[in-house]
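Descriptive structure summary
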Amino acid sequence: MTAEHVADVTDLEPGEAMRLELDGPDGSPLPVALVRDEEGGFHAISDICSHGQVNLSDGEVEGSTIECWLHGSTFDLRSGRPLSLPATQPVPVYLVTVDGQRVLVDVDATADVRS
């Protein structure tokens, strides 16, 4: 699969997230959170918290993190790593490209994760 146009830049303000349902590598539905961090950068991570099995897109965005609304775990948007308990497992991070006004996500490609 190649990158898929999922939103326009103007669809999300800094500090907002939205739920997407994309086709996963095996063709099954894949819940993805498209997040615009407070600096305006776009990120795509699994929309399912690795601890509570709830939508991360419903959580609060702060800086380059998102907080799970159920139990308060925070995740780094760049790496998917949990930054606070109770979550201990990371969530998948997907490649995001901004092409002009179009935001594209490729769920088959791993994001360039930096610590």
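About the cut-offs
- Residues numbered from 1 in each chain as written.
- Predicted model: local features only at pLDDT ≥ 70, side-chain atom pairs only at ≥ 80, totals over all residues.
- Heavy atoms only, no water.
- Helix = DSSP H or I, 4+ residues; strand = E, 2+ residues; numbered from the N terminus.
- Rg over C-alpha atoms; globule rule 2.2 N^0.38 Å.
- Areas by Shrake-Rupley, 256 points an atom, 1.4 Å probe, with all protein chains shown as cover.
- Lys, Arg positive; Asp, Glu negative; His and termini not counted.
- Charge placed at Lys NZ, Arg CZ, Asp CG, Glu CD.
- Pairing = 2+ DSSP bridges.
- Axes fitted to C-alpha atoms, helices over the stretch in contact; angles between N-to-C directions.
- Core = buried A, V, L, I, M, F, W, Y, C linked by side-chain atoms within 4.5 Å.
- Buried < 20%, exposed > 50% of the residue type's maximum accessible area, 1.4 Å probe, protein only.
- Contact = heavy atoms within 4.5 Å.

Scanning the protein from terminus to terminus reveals 0 helices and 9 strands. Here the protein has a C-alpha radius of gyration of 13 Å; the compact-globule value for 115 residues is 13 Å, and the two agree. With the C-alpha coordinates of the protein rotated into their principal frame, the extents come out at 35 × 30 × 25 Å. Surface exposure of the protein reaches about 6000 Å², of which carbon and sulfur atoms provide 46%. Counting 6 positive and 21 negative side-chain charges, the protein places the averaged centre of each group 6 Å from the other.

With that settled, the discussion passes to the sheet that holds strand β7 (residues 74–76). Here we have 3 strands laid out as an open sheet, ordered β5-β6-β7, and antiparallel in their pairing. In the strand order of this sheet, the two ends are held by β5 (60–62) and β7, each with one partner. Adjacent strand axes in the sheet meet at a mean angle of 25° when their direction is disregarded. Taken together, the 3 bridges between strand β6 (residues 65–67) and β7 define a ladder with antiparallel strand orientation. Within β7, the residue paired with Thr-65 across the bridge is Asp-76.

This paragraph deals with the nonpolar core. Grouped burial of nonpolar side chains is what soluble globular proteins tend to show. In terms of nonpolar packing, the biggest core is built from 15 residues, with Val-6, Val-32, Leu-34 and Val-105 touching the most fellow members. Mapped by element, the contributors of at least two residues to this core are β1 (4–8), β2 (16–23), β3 (29–36), β4 (42–46) and β9 (102–110). Leave out the neighbours within four places in its chain, and Leu-34 touches Val-6, Ala-7, Leu-12, Glu-16, Ala-17, Met-18, Leu-20, Phe-42, His-43, Val-103 and Val-105. Of all hydrophobic cores here, the second largest spans 14 residues; its members include Cys-49, Leu-56, Ala-87 and Val-93.

The topology assignment puts Leu-104 in strand β9. Residues Leu-104 and Glu-38 lie 66 residues apart in sequence; the distance between their C-alpha atoms is 19 Å. Leaving out residues up to four positions away in the same chain, Leu-104 has contacts with Ala-3, Glu-4, His-5, Leu-95, Val-96, Thr-97 and Asp-99.

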